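Chain by chain, the residues run as shown.
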Amino acid sequence: MDQTGAPMATKSRANARTRRIKRPDYAKKIGQPPGVLVHLGEIKTEHPAITLFEFDDSGLHEQRFASVLESRDYTPQHRVLWLNVYGLQEPEVMSEIGRRFGLHPLTLEDILNTHQRPKLDDYGNYLYAVARAWRANPETGEVISDQVSIVLGESFVLTFQEQPGGLFDPIRERLRKNVGAARERGPDYLAYSLLDAVVDRYFNCLDSLAGSVERVEDAMNQPRMSRLIGDINRLKHDTRELRRTVWPLREVVAGLQRADERFVRRSTDIYLRDVHDHIVQVVESLDSLRDATGDLLDLHLSLESQRLNVEVRALTVVSMLFMPATLISGIFGMNFHSIPWLERADGFWLAIGMMLFIASVMGLIFWRRQWLQST
Amino acid sequence: MDQTGAPMATKSRANARTRRIKRPDYAKKIGQPPGVLVHLGEIKTEHPAITLFEFDDSGLHEQRFASVLESRDYTPQHRVLWLNVYGLQEPEVMSEIGRRFGLHPLTLEDILNTHQRPKLDDYGNYLYAVARAWRANPETGEVISDQVSIVLGESFVLTFQEQPGGLFDPIRERLRKNVGAARERGPDYLAYSLLDAVVDRYFNCLDSLAGSVERVEDAMNQPRMSRLIGDINRLKHDTRELRRTVWPLREVVAGLQRADERFVRRSTDIYLRDVHDHIVQVVESLDSLRDATGDLLDLHLSLESQRLNVEVRALTVVSMLFMPATLISGIFGMNFHSIPWLERADGFWLAIGMMLFIASVMGLIFWRRQWLQST
Amino acid sequence: MDQTGAPMATKSRANARTRRIKRPDYAKKIGQPPGVLVHLGEIKTEHPAITLFEFDDSGLHEQRFASVLESRDYTPQHRVLWLNVYGLQEPEVMSEIGRRFGLHPLTLEDILNTHQRPKLDDYGNYLYAVARAWRANPETGEVISDQVSIVLGESFVLTFQEQPGGLFDPIRERLRKNVGAARERGPDYLAYSLLDAVVDRYFNCLDSLAGSVERVEDAMNQPRMSRLIGDINRLKHDTRELRRTVWPLREVVAGLQRADERFVRRSTDIYLRDVHDHIVQVVESLDSLRDATGDLLDLHLSLESQRLNVEVRALTVVSMLFMPATLISGIFGMNFHSIPWLERADGFWLAIGMMLFIASVMGLIFWRRQWLQST
Amino acid sequence: MDQTGAPMATKSRANARTRRIKRPDYAKKIGQPPGVLVHLGEIKTEHPAITLFEFDDSGLHEQRFASVLESRDYTPQHRVLWLNVYGLQEPEVMSEIGRRFGLHPLTLEDILNTHQRPKLDDYGNYLYAVARAWRANPETGEVISDQVSIVLGESFVLTFQEQPGGLFDPIRERLRKNVGAARERGPDYLAYSLLDAVVDRYFNCLDSLAGSVERVEDAMNQPRMSRLIGDINRLKHDTRELRRTVWPLREVVAGLQRADERFVRRSTDIYLRDVHDHIVQVVESLDSLRDATGDLLDLHLSLESQRLNVEVRALTVVSMLFMPATLISGIFGMNFHSIPWLERADGFWLAIGMMLFIASVMGLIFWRRQWLQST
Amino acid sequence: MDQTGAPMATKSRANARTRRIKRPDYAKKIGQPPGVLVHLGEIKTEHPAITLFEFDDSGLHEQRFASVLESRDYTPQHRVLWLNVYGLQEPEVMSEIGRRFGLHPLTLEDILNTHQRPKLDDYGNYLYAVARAWRANPETGEVISDQVSIVLGESFVLTFQEQPGGLFDPIRERLRKNVGAARERGPDYLAYSLLDAVVDRYFNCLDSLAGSVERVEDAMNQPRMSRLIGDINRLKHDTRELRRTVWPLREVVAGLQRADERFVRRSTDIYLRDVHDHIVQVVESLDSLRDATGDLLDLHLSLESQRLNVEVRALTVVSMLFMPATLISGIFGMNFHSIPWLERADGFWLAIGMMLFIASVMGLIFWRRQWLQST
């Protein structure tokens, strides 16, 4: 994950400016009537790409369209059709697909607004599911989430992603090789596989987060890492935000389990239950990480504060060693006519000896009370 | 949002006196029987203004009444009637409208009491909904809320606002231009549009709040901003109060979805579900902001406390550099008859050198322990 | 509320002894079989007072009984009868009323035990509701609660209060003047009016609490108010306790809405819904106050701690200004035979100048670092 | 409660060793098949004692058995039979009773395992209820809980206690005197009375806890009570643990209300509702105490920390008063040939006056800033 | 538990490296289609071991298979079959068993993935339950959890454990000895016994955790144990994680109670209810431990901080004792021509006496204010 070996704190500071709370550009949308298509969110890929998979027991047909016009004349030949779109910034692509598959304007609006919360909407002739896929930045350990929209009809599945990321590549591969008779199952099993792929990625990112927690734990033993607070707060924030994108996914899966037999056959339920278990497992791992991070923060703050206090005590103790010596020097510096020892030849050394003796006794006492340890 | 460029802290202090917890003037109302109309709340507009929109497929009629008397003789000619009232301080306006549309005294009382919590009441012959619209003060970033009352009958919609704010202007414009066949739909779709307009404003204010959080985040890196605590507490308070005005709105929308077919046709449900999703999104954003603000406060307090402690340690360390030198000067100031070096010509410089040497050695040790860094 | 102008802290201290956690005298009751009448709680009024209101469309009869014996021979002449009792310490009054109206021993026991939680019990031939009325002490801002018991039968309403407080005076006045045809409605509307009067008082006390919060907020800006912690804790405690007496009242009202048609006619439901909304509003205001108080406490503690730390730093800084001067005086006090400047006529002034110069440079540095500001 | 007058802290320390978290001896039980009777818990009474009450309208028979053998030949003559057992360590007693009344092995196991959570189990031919009775140690204010098992059959009630404590004595007395026709009611009313007696004791212990909170509150005003933290923590712990033993009792009572008519006649429901209300009241009082204790702890910690900081500031301030004087003495101790005032007869007194003057001015400044107050 | 006597802190440090947050190797699994068998988790035993128990009223047959091949030809002769497998790393063993008993691929996948959350899945022809068994490391007090899978069919029970640990040995022994007619009951009673054995172990580990809490409590009274924070945090973490493995087990048992009569006969319900009660008891004990640990942490931090502050105050106080003496020595070291006492023979001793007198008075004041106590 972190192969460059550069210290973590440096990196996270370098990213400080880009790690701000992202402000979605809601303003674009305000005042528009519902159903007007405006893309809300960053543009993450340059040209939208459309790929088509068509399959049933008899075979598989795979095609890539350069533009939405090209796809207009295409006639499907197999039982199950899967259309995937990367890049959402061209409203005309969306409206063409919407017209073709009979999507409601609100569905298209939701697909384009990439700040959706995971949910499942039943539009009568199709189901519309939104999920969020995670990506861990291997450089910084930062985890960000993209929106994945899945439209499940009786004979088709449409998927919309913000950018290509290889998320669904294993599924494509399995379809090509017909692993586990993948082609024989219907669109509901395909939709399940897509959700499963999204959830699988979560485990990957959990790994990355756990790695960050470990790095912070290691750094804690080093003397003085005031920047750790920022790193821990970042982890807390990431864990919390990720939890928010996973938690409602449970309801999406539960909704699919309750969905009409037309869209989800009961034989697929057993697989959906499996995804549901995985989601709960992810949420519990996130809770574990969150608790661990909270404990780390408390531990760090109290260790740091204690360390500082112990140092201040050590300094105070050392300064006390000088006090009796200074007083003695002052006493023998007084201008009285008769002061003992002043006339003696070894008087000076007796005074110095007295200073050293008192300082040693005090040092010994402090040493035994363990007050001189500064760290 | 904040174009004047004046520093934030100054502004927020200037507003300190006006930012108090607002005490509603409940006393006016106590002891009155239910249904007596007394306006509770600030008077935010001078003269109540009444505007009328009437429309169906055949056309649109728009009129503005100077007084409630003027409107008395008006006979509606279209299927859907929308009456909007700004300013609630004149009870006679309210009672005239109440009489005309058959409103229950408790409804009128609720409209006038501008401290209502969002809710939906079914009065049999009409539905009464209360929502709170937000306004962000562009000068201070402060967000305040006004009450919006919506009465939905079988053929009319009445809206009551505390003051004009352009909240419903886009809807008026769409009706005038008949965008998306807006005129062909019934009062339920109009009520949905009004709620949608209210919720759209929320995103605007979220933007403003997120901006304030960013400004606080930036200010955190500057050396010593003890006033930040006040700013952060204000943000926490605002976020919490806003959440309280949005959360019950979910139930209002859910209530409309469950409402009688007479008032809300089932074809409008799909739009209400959309508003519902937006409300949940607003609540989650507020939760995110609240958590971020809480983290900022903790971070600020611990940074500030650590900074102060580190400074105190640095001062202690510096004061220790003087101790051996002072002791040496005391030793050579003693009045013993025979003290080494005292007779030597370079004795003074030897003593000074000894002082400098010890101070340097100590300084070096402290430097390497990083105890001299004060910030 | 606080017209005397005396400082708040003084007052709250004067009340410290009386503000203890009140220990109900449970011991009196232990070991008694259920239904034995023992008055639990302080005796707040000397002589129980019994007042009777009887009314229907035809008129109103009002009577005051000196003792329970006097009332024994009374025969009601109107449809609705309302008996109000102040002072609960005489069990014989209670048992006579219980016998007359057929009250269950457990009801009488609950009326006498003034530490009840708000609740609604259905005893078959009547409903028994307990609520808590608040009173704000205008001297101290303290809010305390009294128990109000309401028994609602098919043709009568009985109310029991710990002491007279004018709580139901507006209702009596409305009955006397027959405002809003008050006499034409049944006992259920009367019971609603009584509950509404109780809830109206809550707003009054919320006002008083909000005033206390404001006073604390103002006091926060004054230099050193260590007693504020106690005041804030008192507010926290009051808000919490009041919330406990309001929260279950929601269930009482909901219970009345679900109650048998014999006791509560459906036409009264709309009014009960209104009371329910008010209760929710009170709870939300209390939550707001509680959060505000919590924030105030955190703010106060961190400000106080920071102020103290800044002062300690300022003192440390000032003490450092003396160090170089003291060292210089020590150096020129050494007894070496040859020390530069010692022979010069202006040597002394050179040394003093050196001391002032170094102190000034240090002072300037500290000044620019803002380390000398002590508050 | 605390009549000896010895200071509280001393007592609570004396009990420190016994107040440990109690570790139930689960190990005894592990690996045993279900239904094997092993007594789990401390042995709190030496010899099990068995007492029998038999009664109906016609009369009452009371008997005490020395051993279980003696009871074997006993034939009941009345309608309701109540058998009470103190001391659970002899499994043969239990198995004999189990055989006689047809108890399931799991019931016997639960009776013997004195770490049960309150619950109600329906075994078809009887109901088995577990509750926890509290006892306040009058010496230390400590509250501990014993297990009370109640078996309710159609014509019998069996009760099992860990030790005699007079818990059920008032009920016995009422049966003997037939107060309130106690003998005429069935076993369900007896079971209610037993539960009511358990709950009545709770109020007694609440009293004792509230007394401890008051003592801590008083001690807070005394200068330096670092041991208070331990006392407050003990109170927090006790309140929490007691709440755990009361909360599930609500379900026990609710279960009895839902129970079969064979065991609980509907006429007893009204009494069970009363017990239910009392339990809710106990839980709320515990919540109040818990909140009060939490506030006390926060208050204590912040007061203690502030006090210490104020003292350190006062010491720093006093040490600053010596600095200018020491510098002046150093200046006039320098060995320059010409130093002003040195030759003057009153030079010494001028210097001393200067020292006093500067110290006085500084002292005045510090005094007015209120920096010299140490507590 | 801790028989070696070595101090606890040392041990826990020795284990620091191994106590990291465990990162499950999710990566192995990503991209695989569902149902592909990959073992996820550590390999805890070298060779899988398969043991068979077959029994009914007529007798018991027990056999141990060296490999899965050996078991292929085995024909069962009794009514109930129990197959137990230790070690999960060989997928071929699993697939052979799966084929033989008709297990779904997802079941096998769940058995092999040892990071499952406890759950109960109904696969139509069998029930699949996952639980987590705890093991306390007697050396370190550390508690870890292993996955136990139980497959309950109509006539068989399959159990899968990660490693042999004697968990089910008491059940084997009871079957061999036919204690309590264990052989006469069906597979549901066997499944209950297995779950009961798992839950029994929990009590064992609770014991170990409570012991650790006690050791920490003891260590708290020793002067300076900064490492306690780490130990307490470990306890908090362990308690939290264990709670996560027990909580969902309630649903497993509830699921068994609701399960089809084919798998669980109603006569077993009473035993399952008993297990359910035990689980709730474990959860409550964990909650108690968690609260106790949290209190310990707060107590430790505040004691440690207070101790440090008291020490700093003591040091400050001692340093103040030297100040007047140093000033006096400076005063009599000034070079004025006429200074009182300088000429007197006992002047020196008068000055020394003055120093001692002032220091004694100050020391007495500080002593009475209890400022000199350093711990």
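Each chain carries its own residue numbering, running from 1 in the written order of its sequence. Just so you know, chain letters begin at A and ligand numbers begin at 1, following the order they were written in. Only residues with pLDDT of at least 70 are given local features in this predicted model, and only at 80 or more are side-chain atom pairs given and counted; all residues enter the totals for whole chains, interfaces and linings. Water and hydrogen atoms play no part in the side-chain values, which are based on all heavy atoms of the structure.

1. Brief notes about the overall build of chain A
Let me state the cut-off plainly: Note on conventions: DSSP H or I runs of at least 4 residues are helices, E runs of at least 2 residues are strands, and numbering of each starts at the N terminus. Here's how the labels work: a residue is buried when its accessible area is under 20% of the maximum for its type, exposed when over 50%, partly exposed in between, all with a 1.4 Å probe on protein chains only. Residue contacts are defined here by distance: any two heavy atoms, one from each residue, within 4.5 Å place the two residues in contact.
Check the secondary structure of chain A and you find nine helices and seven strands. Across the 375 residues of chain A, 59% fall into the buried class. Partitioning the intrachain contacts of chain A with sequence separation of at least 6 by distance along the chain shows that 68% fall at a separation of at least 24.

2. Remarks on the sheet that holds strand E7 (residues 156-161) of chain A
Sheet strands line up and pair through hydrogen bonds in the backbone, either parallel or antiparallel. Residue and element names in this part refer to chain A. As a reminder of what qualifies: Only when DSSP finds a minimum of two bridges between them are two strands counted as paired. Between N-to-C directions, angles cover 0 to 180 degrees, with each direction set by a line fitted to C-alpha atoms, over the stretch in contact for helices.
Here we have seven strands laid out as an open sheet, ordered E2-E1-E3-E7-E6-E5-E4, and mixed in their pairing. This sheet does not close on itself; its edge strands, each paired only once, are strand E2 (59-65) and strand E4 (119-122). Sheet twist, expressed as the average angle between the axes of neighbouring strands with direction ignored, equals 15°. Across five bridges, the pairing between strand E6 (residues 143-152) and E7 is antiparallel. The partner of leucine 152 across the bridge, within E7, is valine 157. Lying over the sheet, helix H3 (residues 105-112) contacts E4, strand E5 (127-136), E6 and E7, oriented at roughly 160° with respect to E6.

3. What about the sheet that holds strand E3 (residues 80-86) of chain D?
Residue and element names in this part refer to chain D. Across the sheet, which stays open at both edges, the seven strands sit in the order E2-E1-E3-E7-E6-E5-E4 with mixed pairing between neighbours. Looking at the sheet topology across the chains shown, the edges are occupied by strand E2 (59-65) and strand E4 (119-122). Neighbour-to-neighbour, the strand axes of the sheet open up by a mean angle of 15°, direction not taken into account. Here six bridges tie E3 to strand E7 (residues 156-161), and the two strands are oriented parallel to one another. In the sheet register, tyrosine 86 faces E7, and the bridge partner there is glutamine 161. The strands touched by helix H8 (residues 249-258) within the sheet are E4, strand E5 (127-136) and strand E6 (143-152), with E5 carrying the most contacts at an inclination of about 145°.

4. Quick notes on the pairing of strand E1 (residues 49-56) of chain C
All names here are of chain C. Most of E1 sits out of view: eight of its eight residues are buried. On E1, burial covers both faces: Ala49, Thr51, Phe53 and Phe55 on one face and Ile50, Leu52, Glu54 and Asp56 on the other are all buried. Across seven bridges, the pairing between E1 and strand E2 (residues 59-65) is antiparallel. The residue of E2 that forms the bridge with leucine 52 is glutamine 63.

5. Remarks on a nonpolar patch on the surface
Residues and elements named next belong to chain A. What counts is decided by this rule: Patch membership is restricted to residues that have no salt bridge and whose relative accessible area is over 30%. Joining uses 9 Å for like charges and 5 Å for the nonpolar side chains Val, Leu, Ile, Met, Phe, Trp and Tyr. Only the protein chains shown count as cover for residues, and the accessible areas themselves come from Shrake-Rupley with a 1.4 Å probe. Whenever a carboxyl oxygen of Asp or Glu lies within 4 Å of a side-chain nitrogen of Lys or Arg, that contact is scored as a salt bridge.
A cluster of nonpolar residues, Phe357, Val361 and Ile365, forms a patch on the protein surface that exposes about 290 Å² of accessible area. When you line up the elements, isoleucine 365 lands in helix H9 (residues 347-368). Judged by its relative accessible area of 45%, isoleucine 365 is partly exposed.

6. Regarding the interface of chain D and chain E
Interface size is commonly expressed as the accessible surface area that is lost when the partners come together. Note the cut-off: Polar contact criterion, stated in full: a pair of N or O atoms within 3.5 Å, where within protein one must be able to donate a hydrogen and the other to accept it, and residues adjacent in sequence count only if both atoms are side-chain atoms. As a working rule, the residues Ala, Val, Leu, Ile, Met, Phe, Trp, Tyr, Cys and Pro are called nonpolar, Asp, Glu, Lys and Arg charged, and the rest polar, with Gly in that last group.
The interface of chain D with chain E comprises 59 residues on the first partner and 56 residues on the second. Across the chain D-chain E interface, the total number found is eight salt bridges. Here Arg117(D) and Glu284(E) are joined by a salt bridge, their closest N and O atoms 2.8 Å apart. At the surface where chain D touches chain E, the tally comes to 20 residue pairs in polar contact (both at pLDDT 80 or more). Listed by contribution, the elements that provide at least two residues to the side of chain D that touches chain E are helix H4 (105-112), E4, helix H7 (228-246), helix H9 (269-331) and helix H10 (347-368) of chain D. Ranked by the residues each element gives to the side of chain D that touches chain E, the list is headed by H9(D), at 13 residues. Grouping the amino acids of the side of chain D that touches chain E by side-chain chemistry returns 27 nonpolar, 15 polar and 17 charged.

7. What about the relation of the copies chain A and chain B?
Applicable threshold: A residue counts toward the fit only if its pLDDT is at least 70 in both copies, and the copies are then superposed by least squares on the C-alpha atoms of those residues.
Least-squares fitting of chain A to chain B yields an RMSD of 0.1 Å, with the superposition described by an axial translation of 0.0 Å and a rotation of 72°. Interpreted geometrically, this transformation is the action of a five-fold axis. Of the C-alpha atoms belonging to chain A, the one lying closest to the rotation axis is found on Gly333(A), 4.9 Å away. Of all interface residues in chain A, a mere 5% are interface residues in chain B too; the two copies therefore contact each other through different surfaces.

8. So, the pattern of salt bridges
Residue and element names in this part refer to chain A. One pass over the structure, following the stated rule, counts 135 salt bridges over all chains. Here glutamate 261 and arginine 266 are joined by a salt bridge, their closest N and O atoms 3.4 Å apart. Residue classification places glutamate 261 among the partly exposed positions, given a relative accessible area of 44%. Exposure remark for arginine 266: the relative accessible area of 34% places this residue in the partly exposed category.

9. Focus: the relation of the copies chain D and chain E
What relates the two chain copies is a rotation about an axis together with a slide along it. For the pair chain D and chain E, the superposition axis carries a translation of 0.0 Å, the fit reaches an RMSD of 0.1 Å, and the rotation angle comes to 72°. Of the residues that chain D buries at the interface, just 5% are likewise interface residues in chain E, meaning the two copies contact each other through different surfaces.

10. So, the packing of aromatic side chains
Worth spelling out the cut-off: Two rings from Phe, Tyr or Trp (for Trp, the six-membered ring) form a pair when their centres are within 6.5 Å of each other. A pair whose planes differ by under 30 degrees is stacked, one over 60 is edge-to-face, and the rest are tilted. Should the NZ of a Lys or the CZ of an Arg lie within 6 Å of a ring centre and within 35 degrees of the ring normal, that charge is described as sitting over the ring.
Applying the stated criterion across every chain, the model contains 65 aromatic pairs over all chains. With a centroid separation of 4.3 Å and 35° between ring planes, the pair formed by Trp134(A) and Tyr202(A) is classed as tilted. Remark: Tyr202(A) occurs in helix H5 (residues 187-220) and Trp134(A) occurs in strand E5; sequence separation between them is 68 residues. Chaining the aromatic ring pairs together yields one cluster made of Phe332(A), Trp341(A), Phe348(A), Trp349(A) and Phe336(B). In this arrangement the basic side chain of Arg273(A) is found over the ring face of Tyr123(E), its NZ or CZ atom lying 4.8 Å from the centre.

11. Looking at the packing of helix H8 (residues 269-331) of chain A against H9(A)
Packed helix pairs are characterised by how far apart their axes lie and by the angle those axes make with each other. Residue and element names in this part refer to chain A. Stated formally: Any angle that is under 35 degrees is reported as roughly parallel, and any over 145 degrees as roughly antiparallel; angles of 65 to 115 degrees are reported as roughly perpendicular and all others as oblique. Crossing chirality is assigned from the near helix's rotation relative to the far helix, an anticlockwise turn below a right angle marking it left-handed and a clockwise turn marking it right-handed.
Look at H8 against H9: their axes get within 9 Å of each other, and the N-to-C directions meet at 155°. Viewed along their axes, H8 and H9 adopt a mutual orientation that is roughly antiparallel. Note on packing geometry: the crossing formed by H8 with H9 is right-handed. Contacts between H8 and H9 pair Val317, Met320, Leu321, Pro324, Ala325, Ile328 and Ser329 from the former with Ala351, Met354, Met355, Ile358, Ala359, Met362, Gly363 and Phe366 from the latter. Partitioning the contact of H8 with H9 into residue classes produces 13 nonpolar, two polar and no charged.

12. Brief notes about the UniProt feature "transmembrane region" (unreviewed entry) in chain A
Rule in force here: UniProt positions are given in the numbering used here, feature names are shortened, and annotations may be inferred rather than shown by experiment.
The sites that carry the UniProt feature "transmembrane region" (unreviewed entry) are, in the present numbering, residues 314-336 and 348-367 of chain A. Spanning residues 314-336 of chain A, this segment combines 78% helix with 0% strand, and its end C-alpha atoms are found 37 Å apart.

13. Concerning the interface of chain A and chain B
Short version of the rule: Buried area: the accessible area, evaluated with a 1.4 Å probe, that two parts lose upon being put together, summed over both parts.
With 59 residues of chain A at the interface, the matching set in chain B holds 56 residues. Together chain A and chain B conceal approximately 5,300 Å² of surface at their shared face, both sides included; 58% is due to carbon and sulfur atoms. Counting every contact that joins chain A to chain B gives eight salt bridges. Summed over the shared surface of chain A and chain B, the number is 20 residue pairs in polar contact (both at pLDDT 80 or more). Put simply, the parts of the chain that give the side of chain A that touches chain B at least two residues each are H3, E4, helix H6 (228-246), H8 and H9 of chain A. A per-element tally of the side of chain A that touches chain B places H8(A) first, with 13 residues. The residue makeup of the side of chain A that touches chain B, split by class, is 27 nonpolar, 15 polar and 17 charged.

14. A short note on the environment of Gly347(C)
Within the secondary structure, Gly347(C) is located in helix H10 (residues 347-368). Its relative accessible area of 0% is what places Gly347(C) among the buried residues. Each C-alpha atom of the pair Gly347(C) and Phe332(C) lies 9.8 Å from the other, and the pair is 15 residues apart in sequence. The contacts of Gly347(C), once residues within four sequence positions are left out, are Trp341(C) and Phe336(D).

15. Observations concerning the environment of Leu195(B)
Residues and elements named next belong to chain B. Take leucine 195: it is sitting in helix H5 (residues 187-219). Under the relative-accessibility criterion, leucine 195 is labelled buried at 5%. Between the C-alpha atoms of leucine 195 and alanine 49, which are 146 residues apart in sequence, the distance is 21 Å. Excluding anything up to four places from it in sequence, leucine 195 contacts Ala131, Ile150, Val253 and Leu256.

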